Amino acid sequence: MNAAQQPLGRMMIRDARLAFPALFQPRTVNGEGKPRYSATLLLDANDPQIAAIRKTITAVAREKWKDKGGILTSLEKVGKVALHDGDEKAQYDGFAGMMFVAASAQETAAPTVVDVNRAPLTERSGKPYAGCYVNASVEFWAQDNAYGKRINATLRGIQFVRDGDTFGAGSRAAAADEFDEIEVAVDDFA
């Protein structure tokens, strides 16, 4: 599907650093709310994709509210837009100096998760993981209901792109080549 045929709000965010992934099992945040699939996508504040994300969010706001900036500006001031300044969460690894998109999907709508070759990945694959780089298909949309106004991002899919330093205390399993080969004499088993 080319860009002209893509639904308003849908875009691919490329080579983003993945944080707080809940890609295979939906989770709650701090034990509150309904379980959801989710991912936080970190981009350098100077990444040209930030301008494209802002343009998409503005188009979504204009479509929903015929907004010329007033509602969107108000929502941004109170953190009710899916694009955020990473300095607000600088206490977390990798967030300082970055921008991030918080995206989620309902418990009944698991995102597609694939490898570099588009082969499906599972939780047992060990990737994607917090700290690796991914491409993410997201769809920005305007919420305006009893729960308030916001610009949200639905997580549609994730593609593992490349390894990165693991975030937080969670580390990946050791690779076999980290260990020395040990010569074992036959007598040792007698």
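Right, let's walk through the structure included here. Just so we're clear, the structure is a prediction, and the values are computed from it rather than from any experiment. Every chain is numbered on its own, with residues counted from 1 as its sequence reads. With the structure being a predicted model, the display of local features is reserved for residues of pLDDT at least 70 and the display and counting of side-chain atom pairs for 80 or more, all residues being used for whole-chain, interface and lining totals. For the side-chain quantities, the full set of heavy atoms in the structure was used; hydrogens and water were omitted.

**Looking at the overall build of the protein chain**
Point 1. Numbering of helices and strands runs from the N terminus, with a helix taken as a DSSP run of H or I at least four residues long and a strand as a DSSP run of E at least two residues long. A count of helical and extended segments in the protein chain gives 2 helices and 7 strands.
Point 2. Starting at the N terminus and walking to the C terminus, you meet the elements of the protein chain as β-β-α-α-β-β-β-β-β.
Point 3. Each residue's exposure class comes from its accessible area (1.4 Å probe, protein chains only) as a fraction of the maximum for that residue type: buried when under 20%, exposed when over 50%, partly exposed otherwise. With 190 residues in all, the protein chain has 36% of them scored as buried.
Point 4. With residues, only the protein chains shown are counted as cover, and all accessible areas are computed by Shrake-Rupley using a 1.4 Å probe. About 12,000 Å² of surface is accessible on the protein chain, with carbon and sulfur atoms providing 49% of the total.

**Focus: unusual backbone geometry**
Point 1. Each neighbour pair has its own omega, and for K127 with P128 the value is -5°, a cis peptide bond.
Point 2. Looking at the secondary structure, you find P128 in the loop between strand 5 (112-114) and strand 6 (133-145).
Point 3. Its identity as a non-glycine residue notwithstanding, D15 has a phi of 55°, on the positive side.
Point 4. Residue position: D15 is located in strand 1 (residues 10-29).

**Topic: the packing of aromatic side chains**
Point 1. Only rings of Phe, Tyr and Trp enter the pairing, Trp through its six-membered ring, and a pair is recorded when the two centres are within 6.5 Å. The plane angle decides the type: under 30 degrees is stacked, over 60 is edge-to-face, the rest tilted. Considering all chains together, one arrives at 5 aromatic pairs under this definition.
Point 2. When the centroid spacing of 5.2 Å and the interplanar angle of 85° are considered together, the rings of F20 and Y92 count as edge-to-face. Here Y92 lies in the loop between strand 3 (83-85) and strand 4 (98-106) and F20 lies in strand 1, a separation of 72 residues in the sequence.
Point 3. Residue class for F20 comes out partly exposed when judged on its relative accessible area of 45%.
Point 4. One aromatic cluster is present, built from ring pairs that chain together F20, Y92, F95 and F100.

**Concerning the pattern of salt bridges**
Point 1. By definition, a salt bridge exists where a carboxyl oxygen of Asp or Glu is found within 4 Å of a side-chain nitrogen of Lys or Arg. Evaluation of the coordinates by the stated rule reveals 3 salt bridges.
Point 2. A salt bridge links K127 to D115, with the nearest nitrogen and oxygen atoms 3.1 Å apart. Of this pair, K127 sits in the loop between strand 5 and strand 6 while D115 is found in the loop between strand 5 and strand 6, placing the two residues 12 residues apart along the sequence.

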